[in-house]
Amino acid sequence: MDEDVLTTLKILIIGESGVGKSSLLLRFTDDTFDPELAATIGVDFKVKTISVDGNKAKLAIWDTAGQERFRTLTPSYYRGAQGVILVYDVTRRDTFVKLDNWLNELETYCTRNDIVKMLVGNKIDKENREVDRNEGLKFARKHSMLFIEASAKTCDGVQCAFEELVEKIIQTPGLWESESQNRGVKLSNKEEGYGGGGACGGYCSML
Amino acid sequence: MAAPAGSLVAAVLAHSGRLDKEDLGTRIGRLSRRVEELKGEVCNMINKKYNEFLPSMQSAEDLVSQVDGLSSNIDLLKAGIENEVQRDLNVAVADFTELKQQLERDTLVLSILKKLQEFDTAIKEYNTALLEKKYVAAAQQLEKARNSLKMLESRKGFELKILKALGTELTVQTQNMLYHLGEEWQTLAVWKLPPSKESSSLESAMHSELHLRTVPSKEEEIAGPPVASVLQAFAVLGELHAKLKIFGQLLLKYILKPLISYPSLQPFTEEQSDVFILRFKSTEPNLDHSSPMEVFDKIKLIFEVLHKYLLNVPLEQPVEDKKECRVTLAELLGDMIWEELSDCLIQNCLVNSIPTNSSKLEQYIEVIKSTEEFEKALKNMQFLKGDTTDLLKYARNVNSHFANKKCQDVIVAARNLMTSEIHNTVKITPDSGVALPRLPDPGAGDHLKMQTTSKLLHNDMVNLENKTKLSQYTFSLPTCRISSSVEKLMELAYQTLLEATASTDQCCIQLFYCVRNIFQLFYDVVPTYHKENLQKLPQLAAIHHNNCMYIAHHLLTLGHQFRYRLTNILCDGAATFVDLVPGFRRLGMECFLAQMRVQKGEILERLSSARNFSNMDDEENYCAANKAIRQVLHQLKRLGKVWQDVLPVNVYCKAMGTLLNTALSEIVTRIAALEDISAEDADRLYSLCRTMVEEGPQVFTPLPEDDKNKKYQEEVPVYVQKWMTFKELMIILQANLQEIVDQWADGKGPLAAEFSAAEVKSLIRALFQNTERRAAALAKIK
């Protein structure tokens, strides 16, 4: 089937609600665009094989829900991720401002500290831009992230974003080589978080 | 010199010998003379003895014998004389004794005759006095006669027949006298009583009348006021007590008690020529209970009338030996009826006058004052002894009575609320705090206070989160439904505490503990009283859960809100309800948890009839599984409906999510355990699972407005822990080997997040035939 694949990489797409995370993914995996795409509930998952510098890598891409109400589900998705695509909407400054929170969350839940981060300013096809390219670049540099501006609608920069990210991951020693074996402790999803949905009321834990 | 010196010894020796010789001669001469002298003396002595002493001795002895003879003669003579005299003396003594006894007997007889005469005179005088209607004198005479008779009877040994006859006569006369007195008494104080004895209604009380004769008839004027003489005569005869007792009983039963019991009854006096009439008239009955002041006035009027026309009469006619009677006549009556009267006053009048509201408590001082005056007036009329203060004591103790009454009322009201239906509900929103009484503290509202504290907390500790303010509702109870009875219960608690703030210390403490008792009562009464319903009906369990949380929520701040308004004793942190909070939370939680367990058990039991989801290609098996799933969904739907709008939204979602999760995880476990799943099985299992995934979220309807529930239906993955697992299982049931491997994605896909490698492998083996492709796929799952 895919014997020539070098490795499988776990990529996470995060960012505020409505910045176009799912659109970027669909453009990348299916090369489609739906302007009326419904909000993601929980998480979406796609697999795509990509070739970078002659190396084939299989990407397991987790597209998370940006809405606050599904946040309680996200922490488990961060586990074992090697790359993360952090998306904001260049026409909405608030999505840019909130990047700090996302970085904070990433730091909190990510299981490795050498994870490769790519900052994507989406929707550059739109005219009412609120965040300047340089601002994005500056922020990316400050937090040692890769940076690109893209448009899922016009296909601008989408492919590039994923490729650059994968390239960087493959260049990063130790991030993927020993990956084929399960590293470290595998926490079973089943025990953890049972009844962790909330502390109030106090009765869920008993059911 | 030498010679004399040497011959001294010889001289001495020579001298001594010579001396001896000379000396002896003189000595013998002297001795001889002495012997001569002795000879003369002895001779003299002997002469004297024998010639002079012995003869006189002889004569003395003779004399002694003569004296002895004489004395024996005297003795004989004396004995003779004594015998003679004694005999005569005895005779004389006997004579005198006899004479004396005679004398005594005579005196006795004389005194008896005198007494008899006295008795006779007394009876005679009595008769004339009686005829003249001088009752006092007659009674005194009778008493005199009685004394005489008593004296006569006290002498023993004189069993005169006449005494018996006299006794009979005296009794007859006494009875006669009493009869006359009775007659007089009945004309003096005439009772007109209602016909039927047992009825004590207002109408029958209206028929009671008391006529007191005021002016004596003309011919009796000389005898003085008849009332006085009659009563004194009774007193003399010892019958006054009994008469007054009867009078007192009648007075109590037909006049005083009706006056206390029926507020519309008014005493009404009428003075005719020689008669004073006391009767009742009825006014508009406007109140259930008349005020103590009115009752006191009425009773005072009665006693004044009695005092004026009946009981004070002896006062004006002092008779020395009736002093006692004079001072105690009113007192006597008072003694007899006061205990009963004061009890009656307290039970029927003062008890009702105790205010139910502390604001009226201050006005009660008037009742206390009038009580004091009432007792004083009665004391002036000597109905009461100086130290009697039963009523006043009771009235002065009004604070304690008030608190007791109040607490009792509050507890009774609280208990009624607790035993009323749970399912009558009201909706509580974070803004519904206004339903509670506004406290008089300047600008320290419930919410405001909380906000400031939360802000403080915020600034001190959580500086990480810039200056964002917490929502106004952060500490509010979420919107939900509670029993209206519980809302009322809480209002009752607030009202009672408010009442406590306006009360005296003692009362305040009592009311405060009364409020605590309400909650302790709730803790004990509600789970027991409604036990069956709480177990049977999930909606009631939810409401009860809310009720408990609502109460706990208020208990958190209840103490603080009243902290500075309660009495000092309670200010030192004693006035708290916080200690009750965990208990109430537990109470609500346990009830709801028990209900959840029941529901969970039902879900599992329904799924157990799905035949393990095996061999779905068998039509019967499929039907059973389908039915089981339908039943589970129906049960969830019903629960979703009865909890709708009742549970707070987040609790609702958690509860429903937990139950749906129970169903999903059971299905996952059963399917994952299957060893062989044919293509048709897989299709049917998939369609069953799809039913769950499509219809499961539909049961999440926390709000009555259907369009607002979509949000919660979307969030089902958040509340149902196994949701993703279930979705992954569905993907596997429909996927080919490549798709499964992709979903696994080297352990980085979502399939790996939900299932273990062993589980996935087992599923692959069950779903696919043993081929090389399968082996290759299995090799990738690790």
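Calculation rules
- Residues numbered from 1 in each chain as written.
- Chains lettered and ligands numbered in written order.
- Predicted model: local features only at pLDDT ≥ 70, side-chain atom pairs only at ≥ 80, totals over all residues.
- Heavy atoms only, no water.
- 1 Å grid on protein atoms, 1.4 Å probe; cavity = no way out; pocket = protein on both sides within 12 Å on 5 of 7 lines; lining within 4 Å.
- Points joined across faces, edges and corners; volume = space filled by probe spheres on them.
- Helix = DSSP H or I, 4+ residues; strand = E, 2+ residues; numbered from the N terminus.
- Patch = residues over 30% accessible without salt bridge, like charges linked within 9 Å, V, L, I, M, F, W, Y side chains within 5 Å.
- Areas by Shrake-Rupley, 256 points an atom, 1.4 Å probe, with all protein chains shown as cover.
- Salt bridge = Lys/Arg side-chain N within 4 Å of Asp/Glu carboxyl O.
- Buried < 20%, exposed > 50% of the residue type's maximum accessible area, 1.4 Å probe, protein only.
- Pairing = 2+ DSSP bridges.
- Axes fitted to C-alpha atoms, helices over the stretch in contact; angles between N-to-C directions.
- pLDDT = per-residue confidence, 0-100.
- Contact = heavy atoms within 4.5 Å.
- Parallel < 35°, antiparallel > 145°, perpendicular 65-115°, else oblique.
- Left-handed = near helix turned anticlockwise from the far one by under 90°.
- Nonpolar A, V, L, I, M, F, W, Y, C, P; charged D, E, K, R; others polar.

Residue and element names in this part refer to chain B. In this structure the tally under the stated criterion is 5 cavities of 30 Å³ or more. Roughly 60 Å³ of internal volume is contained in the second largest cavity. In terms of lining residues, the second largest cavity is bounded by L417, M418, S420, I422, S485, V486, L489, F522, V526, H530, H544 and N547. Mapped onto the lining of the second largest cavity, the elements with two or more residues apiece are α12 (398-418), α14 (484-501), α15 (505-529) and α17 (538-561).

With that settled, the discussion passes to a nonpolar patch on the surface. A cluster of nonpolar side chains, V42(B), M45(B), I46(B), Y50(B), F53(B), L54(B) and M57(B), forms an exposed patch at the surface whose accessible area comes to about 700 Å². Exposure remark for F53(B): the relative accessible area of 46% places this residue in the partly exposed category.

Right, let's get into the sheet that holds strand β6 (residues 146-149) of chain A. Two strands in a sheet stick together by hydrogen bonds in their backbones, pointing the same way (parallel) or opposite ways (antiparallel). All names here are of chain A. The sheet built from 6 strands is open, its strands ordered β2-β3-β1-β4-β5-β6 with mixed pairing. Of all strands in the sheet, those bounded by a partner on one side alone are β2 (43-52) and β6. Across the sheet, the mean angle separating the axes of adjacent strands is 25 degrees when strand polarity is ignored. Relative to strand β3 (residues 55-64), β2 is paired through 10 bridges, and the arrangement is antiparallel. Paired with F45 across the strands is W62, a residue of β3.

The next thing to look at is the confidence of the model for chain B. Residues and elements named next belong to chain B. Residues of chain B with pLDDT of at least 70 account for 84%, and the chain-wide mean is 81. Below pLDDT 50 for its whole length, residues 314-326 participates in 16 contacts with residues either more than four positions away or in separate chains. For this predicted complex, the interface confidence reaches an ipTM of 0.81, while the overall pTM sits at 0.65.

Another point: the packing of α15(B) against α17(B). All names here are of chain B. Where α15 contacts α17, the two axes come as close as 12 Å, and the packing angle between them is 165 degrees. Classified by the angle between their axes, α15 and α17 sit roughly antiparallel to one another. In the packing of α15 onto α17, the handedness of the crossing is left-handed. The segment α15 lies against α17, with F519, F522 and V526 engaging H544, C548, I551, L555 and L558. Across the contact of α15 with α17, the residue classes tally to 7 nonpolar, 1 polar and no charged.

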